[in-house]
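# Architecture and fold: a report
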Amino acid sequence: MPSGLAVPPVWRWLSRQGAAAALLGVLACGLFLGALAGLSGEFALIVGVVVALSAAIVLQARLGVWWLCLLFPLSQLNVIPRQMLGITGFSPINVLLLATSGAVIVFWVLARMRGRNDTLPPVPMPLLALYVLPIALAAVHGMQYVHLIPEFYRTAVGAIAFDSPASYLRDVFVRPMFLVAFALLVAMAFRDARDPRRYLAACIISALLMSGLVFYVAIASGASLSLLASPRARGLLSGLGMHANEISLLLNSALALIVFLIPVVRGAWRVVLIACASVLLAAVLATFSRGGYLGLLLVYLAFLVHTRDWRWVVLSLLAAVVLLIAAPSAVFDRALHGFAERDSSAISAGRLDQIWPLVWPVVLDHIAIGNGLMSILWSEPARAGWLQVAQPHNAYLGLLLDTGLVGFVWIMAFFAWALRTLLAASREATEPLYRQLFLGGVVTVLLLFVQGLSDDRFTPTVPQAFMWFAIGAAIGYRARLARGVPVAQPHRAPAPSTARAGRHNRGYLFRTRA
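Just so it is clear, the structure is predicted and the values come from calculations on it, not from any experiment. (Residues numbered from 1 in each chain as written. Predicted model: local features only at pLDDT ≥ 70, side-chain atom pairs only at ≥ 80, totals over all residues. Heavy atoms only, no water.)

## Points about the overall build of the protein
Across its full length, the protein carries 20 helices and 2 strands. The burial tally for the protein puts 52% of its 514 residues in the buried class. For the protein, contacts bridging at least 24 residues in sequence account for 77% of all contacts bridging at least 6. Of the roughly 22,700 Å² of accessible surface on the protein, a fraction of 68% belongs to carbon and sulfur atoms. (Helix = DSSP H or I, 4+ residues; strand = E, 2+ residues; numbered from the N terminus. Buried < 20%, exposed > 50% of the residue type's maximum accessible area, 1.4 Å probe, protein only. Contact = heavy atoms within 4.5 Å. Areas by Shrake-Rupley, 256 points an atom, 1.4 Å probe, with all protein chains shown as cover.)

## Some remarks on the nonpolar core
Note on soluble globular proteins: their nonpolar side chains tend to be buried together. Cys69, Tyr131, Leu377, Phe415, Phe438, Trp468 and Phe469 are the most contacted members of the largest nonpolar core, which has 142 residues in total. Broken down by element, the residue count for this core peaks at 16 residues, all from helix H6 (residues 165-192). Discounting residues that sit within four places of it in the chain, Leu377 has contacts with Ile149, Pro150, Tyr153, Ile160, Phe162, Ala382 and Ala390. (Core = buried A, V, L, I, M, F, W, Y, C linked by side-chain atoms within 4.5 Å.)

## Structural notes on the packing of aromatic side chains
The tally for this structure, following the rule as stated, stands at 22 aromatic pairs. Their ring planes at 65° and their centres at 5.3 Å tell us that Phe438 and Tyr477 sit as a pair that is edge-to-face. Placement of Phe438 in helix H18 (residues 432-451) and of Tyr477 in helix H19 (residues 465-483) is noted, with a sequence separation of 39 residues between them. Judged on exposure class, the residue Phe438 and its partner Tyr477 are both buried. Site record: aromatic cluster; members linked through ring pairs are Tyr131, Tyr396, Phe414, Phe415, Trp417, Phe449, Phe458 and Trp468. (Phe/Tyr/Trp six-rings, centres within 6.5 Å; stacked < 30°, edge-to-face > 60°.)

## Looking at unusual backbone geometry
The phi dihedral of Phe288 is positive, around 50°, even though this residue is not glycine. Here Phe288 lies in the loop between helix H10 (268-287) and helix H11 (290-306). Accessibility expressed as a relative area gives 4% for Phe288, which makes it buried. One non-glycine residue, Asp456, adopts positive backbone phi at about 65°. Here Asp456 is to be found in the loop between H18 and H19.

## So, the state of the cysteines
Two cysteines, two sulfur atoms, one covalent bond between them: this is a disulfide. Within the structure shown, the criterion is met by 0 disulfides. Residue Cys203 stays outside any disulfide, its sulfur separated by 4.5 Å from that of Cys69, the closest cysteine. By relative accessible area, Cys203 is classed as buried at 3%. (Disulfide = S-S within 2.5 Å.)

## Let's talk about the packing of H18 against H19
Running from N to C, H18 and H19 point in directions that differ by 140°, and their axes come no closer than 9 Å. Regarding the angle of H18 to H19, the classification is oblique. In the packing of H18 onto H19, the handedness of the crossing is left-handed. Counted together, Tyr434, Phe438, Gly441, Thr444, Val445 and Leu448 of H18 and Met467, Ala470, Ala473, Ala474 and Tyr477 of H19 form the full contact between these two elements. Residue composition of the contact of H18 with H19, grouped by class: 9 nonpolar, 2 polar and no charged. (Axes fitted to C-alpha atoms, helices over the stretch in contact; angles between N-to-C directions. Parallel < 35°, antiparallel > 145°, perpendicular 65-115°, else oblique. Left-handed = near helix turned anticlockwise from the far one by under 90°. Nonpolar A, V, L, I, M, F, W, Y, C, P; charged D, E, K, R; others polar.)

## A closer look at the environment of Val462
On the secondary structure map, Val462 appears in the loop between H18 and H19. In this structure Val462 comes out as buried when scored by relative accessible area, which is 14%.

## Things to note about the confidence of the model for the protein
Averaged over the protein, the pLDDT score is 79; the fraction of residues at 70 or greater is 75%. Scored below 50 in pLDDT, residues 1-22 makes 43 contacts in the model with residues more than four places away or belonging to other chains. Contacts for the low-pLDDT stretch residues 490-514, under 50 throughout, to residues beyond four places or in other chains number 44 contacts. (pLDDT = per-residue confidence, 0-100.)

## Overview of a nonpolar patch on the surface
On the surface, a cluster of nonpolar side chains totalling about 510 Å² of accessible area is made up of Ile105, Val106, Val109, Leu110, Met113 and Leu120. Mapping Val109 onto the fold places it in helix H4 (residues 92-113). Residue Val109 is classed as partly exposed on the basis of its relative accessible area of 36%. (Patch = residues over 30% accessible without salt bridge, like charges linked within 9 Å, V, L, I, M, F, W, Y side chains within 5 Å. Salt bridge = Lys/Arg side-chain N within 4 Å of Asp/Glu carboxyl O.)

## Some details on the environment of Ala244
Mapped onto the elements, Ala244 comes out in helix H9 (residues 244-261). Residues Ala244 and Gly292 lie 48 residues apart in sequence; the distance between their C-alpha atoms is 8.3 Å.

## Describing the packing of helix H5 (residues 125-143) against helix H17 (residues 395-428)
At a minimum axis distance of 9 Å, the contact between H5 and H17 shows a crossing angle of 155°. The orientation of H5 with respect to H17, classified from their angle, is roughly antiparallel. Regarding H5 and H17, the two cross each other, and that crossing is left-handed. Packed against H5, whose contacting residues are Pro126, Leu127, Ala129, Leu130, Tyr131, Leu133, Pro134, Ile135, Leu137 and Ala138, the element H17 presents Asp402, Thr403, Trp410, Ile411, Ala413, Phe414, Phe415 and Trp417 at the interface. Of the residues belonging to the contact of H5 with H17, the class tally is 16 nonpolar, 1 polar and 1 charged.

## Here's the deal with H10
The α-helix advances 3.6 residues per turn, and as a result positions three or four apart in sequence lie on the same side. The end-to-end C-alpha distance of H10 is 29 Å, a good match for the 28 Å that 20 residues give at a rise of 1.5 Å each. For H10, the complete set of buried residues consists of Arg270, Leu273, Cys276, Ala277, Leu280, Ala283, Val284, Leu285 and Thr287. Phi for Phe288, located one or two positions after H10, is positive at around 50°. (Expected span 1.5 Å × (residues − 1).)

## Quick word on the pattern of salt bridges
A side chain of one charge can pair with a side chain of the opposite charge when the charged atoms of the two come close. Applying the stated criterion across every chain yields a total of 6 salt bridges. Measuring nitrogen to oxygen at the nearest pair gives 2.8 Å for the salt bridge that ties Arg191 to Asp192. In this structure, Glu428 and Arg478 form a salt bridge, with 2.9 Å as the shortest nitrogen-oxygen distance. In this pair, Glu428 is assigned in helix H17 and Arg478 in helix H19, connecting sequence segments 50 residues apart. Members of the salt-bridge network, linked through shared partners, are Arg170, Asp171 and Arg175.

In C-alpha cells, the structure reads:
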C-alpha cells in the first residue's frame, strides 16, 4: 500500500544487526541521561523526549503522531516546560512535532528514491486559503503596532512575552499554526495507518490526564465546593496554565468524541468508554465554568437529537435526571450566579459592563479589516489603562476586532468548510466507529461556536486540540477513501472458527457493530 507514513522501518534498509545496534544505542543513551537525572530534574525531561523521539524516528514516524495526540492537548500546562537547556522554543512538544515532521519528510524522500509513489500529508486548499492566509495577513498587519503595547501586559498582567515584531509573529502566528500542522499529521496517519484507532485512544488518554489534574487541583486546594464555585476561586485552575473556561472547552470536545462512539462500541470497551465519559463529565463540572456547562448541554442535546435508538434516548434522559439529583448544590449555584439578583455584571463576569463596552468602539473604528491579531493589546482603552485583559472574552468580538468584517466572513467560511468535511466523512465512512467519530467532530466545532461566546478565539488555540484532531482525521479518512484503501476492520474475521475470530480481535482497541 503506497503511503507517506507507512514507509518501511529503518531496519528494512539496514541489517537486523544494525537495527538491534540502533535500539541498543537508544537504550544506552536513555540510561546515561537517566543517571544524570539525579543531578538535574531537567535531564529527566530530556530522557523522555530523547527516548520518545528516537523511537519515533528509528521505529516508525507514526509513533511520533501518537505521542502528539497524547501530549499536544496538554502542551499549555505549566507541567510541560516551555524551554529546555535555556533555549526558548526548545520544548518537548515543539521538538516532538518538528522531529516527527522531519521523520515523515525523510521517509518520504527515501521512499521516492526507491520509486514508491508516496505523498506528503494531504493539505486541502480551503485550509490554506480560508484559514491560514487571513490569519497570516492579520499577523503581518499587527506587527507594526507591537511598540504601542503597554508594558504592564508583560509585567503586571503577564499575558505576553513578545517585545518585538519578530517575537510577536512567532507567538501569535507561528506557534498557533503548530496546531494546524498537528491536524495535518493526524490526517496523514488516518490516511496511511492500517488501524487509525490508536490515535483516538491517545486522545482519550490525554483527556483523562487533564481530568485527573483538575481533580488534583480541586482536592489539593482544600477548599469547599461552595468556595470553588464562587467568583473568588475563578483563578484556581489557572495555576495549571489554562483557565477553567479553556479546560472545559478541551474536555467537552473530548467528551463529544467519546459520547458519540458509545452506541456503536460493543462489549467491555463500551463500559470503558462510558466510564471515561463519566470522568470527563465530572471534570467539566469541577471546573465550575458556566461556559463549560453550556457546552456540556450542547453535547447532551446533540447526542439526544442524533441518536435514533429509543433505548439510548431513555438512558440519556435517565442519566440527566440522575445527574440533576446527584450534582452538588455548588454546581447550580455557579450556573445561576447573578440571576436571582438580576446582576448583569455578575452574570457576565464583568464582560457586559467592564470589557465589551470598551471594545465595541474600537471594533467600529476598524470595522473593515480590523487592526491585527491581538489588537486589543494596543487599543486605545488598553493604552489608557482602562482595559487590562489580553482578549475580549468573546471569540466573535475578538475576531471582528483583529480581522474586521472581511476577515470574519473569510474565516467563518473555513469553519463552514470544516463542518461540511466532517459531515461528508461521516456519510462516506464505511465503518460505524468512524461515522460516529466524525459526527462527534461536528459537535467539537459547534462547541467552539457556543463556548466562544465567553472565551477562546477562532484562531488556533490548545483548547481546540481535539477539534483539530477530528478535522485532521476527516481530511485523512476522505483521502484514504479516495485512494480506494479501506480501513482495517479486524473485528470482521473471515475465518468461520469462533475461537480464531476471537484471537483475530485480540489486541485492538474497539470492536464495533457492523
